[in-house]
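# Commentary on secondary and tertiary structure
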Amino acid sequence: MSPLACYAASDEVSRGRLSTEQPPSFRSQYQRDRDRIIHSSAFRRLEYKTQVFVNHEGDMFRTRLTHSIEVSQIGRTIARALSLNEDLTEAVCLAHDLGHTPFGHAGQEALNLCMKDFGGFEHNLQSLRVVDVLEDRYADYPGLNLTYETREGILKHCSIAKAKTLGELGQRFTHRQQPGLESQVANIADEIAYNNHDVDDGLRADLISINALRECEIIEEHYQFTVDRWPGILGRRLSNELIRSMINSLVTDLIETSKVRIEQAGVRSIDDVRNAGEALIVLGEDMQRKHIQLKRFLSKNLYNHDKVRNMAEKSRHIVTKLFEAYANQPDLLPDKPNGVEADSMECMIKDYIAGMTDRFAITEFERIVKPGALAKTAGPI
Ligand code: MG
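Read on for a plain summary of the structure. Since we're looking at a predicted model, the values are computed, not measured.

Moving on to the pattern of salt bridges. Counted under the stated rule, the structure contains 34 salt bridges. Across the pair Arg36 and Glu21 runs a salt bridge, and its minimum N-O distance is 2.8 Å. On the criterion of sequence distance, the pair formed by Arg36 in helix H1 (residues 29-38) and Glu21 in the segment before H1 is long-range, its members being 15 residues apart. Relative accessible area serves as the criterion here: at 9%, Arg36 is assigned to the buried category. With a closest N to O distance of 2.7 Å, Arg62 and Asp200 form a salt bridge. Of this pair, Arg62 sits in the loop between helix H2 (41-45) and helix H3 (64-81) while Asp200 sits in helix H10 (residues 181-204), placing them 138 residues apart in sequence. A residue is classified by how much of its surface remains accessible, and Arg62, at 15% relative accessible area, is buried. Taking relative accessible area as the criterion, Asp200 reaches 6% and is therefore assigned buried.

This is the structure:
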């Protein structure tokens, strides 16, 4: 690995862990973070959580686990090309969705609504709560006791009100600072990954078509490139080559643009990056415009497709009814993890539901809310 840039995160400049530990003998601090994330139970549960399609819809679609692995693959490439800390980037990418509810954004919206009088629900904050508090693995401390830099990356967004309760970690929101570059890489790698794999999954599910997608400039460009290079190419090979070419162009543009931005900003340390006033890991203006155009297309034609909305409606119903059932019968809740201070019973219910996989939520709904109800419902779920 090439030497790290002066503005990269490193063990030497790390702000450390909440609970002090002996440094690892054979790994970097961020490799230790990554390993703890991979061994966590929240990470394993990502396998059965929805990205866009409900987990049991088909074996070909992305889950939150495969999504997180794809984000990490893209993030590591970018980090390495920019001489940033690849281990930290990997740790943030793998952990970024740990706090997601079952059923993707529909589950999150429903849980946020259920919690509206009790502080709401934000998945980024919940991811932080998973690694700081809810994982119950180590004898010496709660959670995974990750480094400040990994936690900073996990907390992508946060309301100012919540940030004020988070001490040093929340300061960047109240002081309008940026996170380190590895966190910025993980953030954009997430967007590149989901835009592209949602195109792939949407095509696979027959909810969108390449012809319709060609109204997006970025698709049309890479469609033309692909059919010119391989005349007569069709089906999966066409869509795979098109998506591969598209990811490559986004990653290349991001690396080249960010290199220039970093140089122009003249940053010499991770704290310079935090005080730079703006994000330095960015797409070029033209690429950003095309990326957003595709995002809008997906929002209108895939995430709002009748079939996806229908699944989302049922998902919201399951989450809401489960919340009500636990609120009415708190004895149905499991024991809270050692040392967890839940602010309220609602907070315990929120933690429990947010940690569920799609299939566990469906099973629980069938068991305690409406036995047999879902089996009678036509269509998915
Ligand atoms: Mg994500």
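Before going further, it helps to spend a moment on the coordination of the magnesium ion. Only His67 (NE2), His96 (NE2), Asp97 (OD) and Asp190 (OD) from the protein reach the magnesium ion as donors, at distances of 2.1 to 2.7 Å. Within one chain, the residues serving as donors to the magnesium ion are arranged as H-x28-H-D-x92-D. For His96, a relative accessible area of 4% gives the class buried.

For residues that are not glycine, phi is negative in most cases, and the peptide bond is trans in most cases. Here Ser83, not a glycine, exhibits a phi torsion of approximately 55°, which is positive. Relative to the helices and strands, Ser83 is located in the loop between H3 and helix H4 (86-95). Of the residues examined, Ser83 reaches a relative accessible area of 22% and is grouped as partly exposed. Of note in this structure, Asp206 is not a glycine but carries a positive phi near 65°. Topologically, Asp206 is positioned in the loop between H10 and helix H11 (210-213). In this structure Asp206 comes out as exposed when scored by relative accessible area, which is 68%.

Conventions and cut-offs
Residues numbered from 1 in each chain as written. Predicted model: local features only at pLDDT ≥ 70, side-chain atom pairs only at ≥ 80, totals over all residues. Heavy atoms only, no water. Salt bridge = Lys/Arg side-chain N within 4 Å of Asp/Glu carboxyl O. Helix = DSSP H or I, 4+ residues; strand = E, 2+ residues; numbered from the N terminus. Buried < 20%, exposed > 50% of the residue type's maximum accessible area, 1.4 Å probe, protein only. Donors = N, O, S within 2.8 Å, 3.2 Å for Na, K, Ca; no water.

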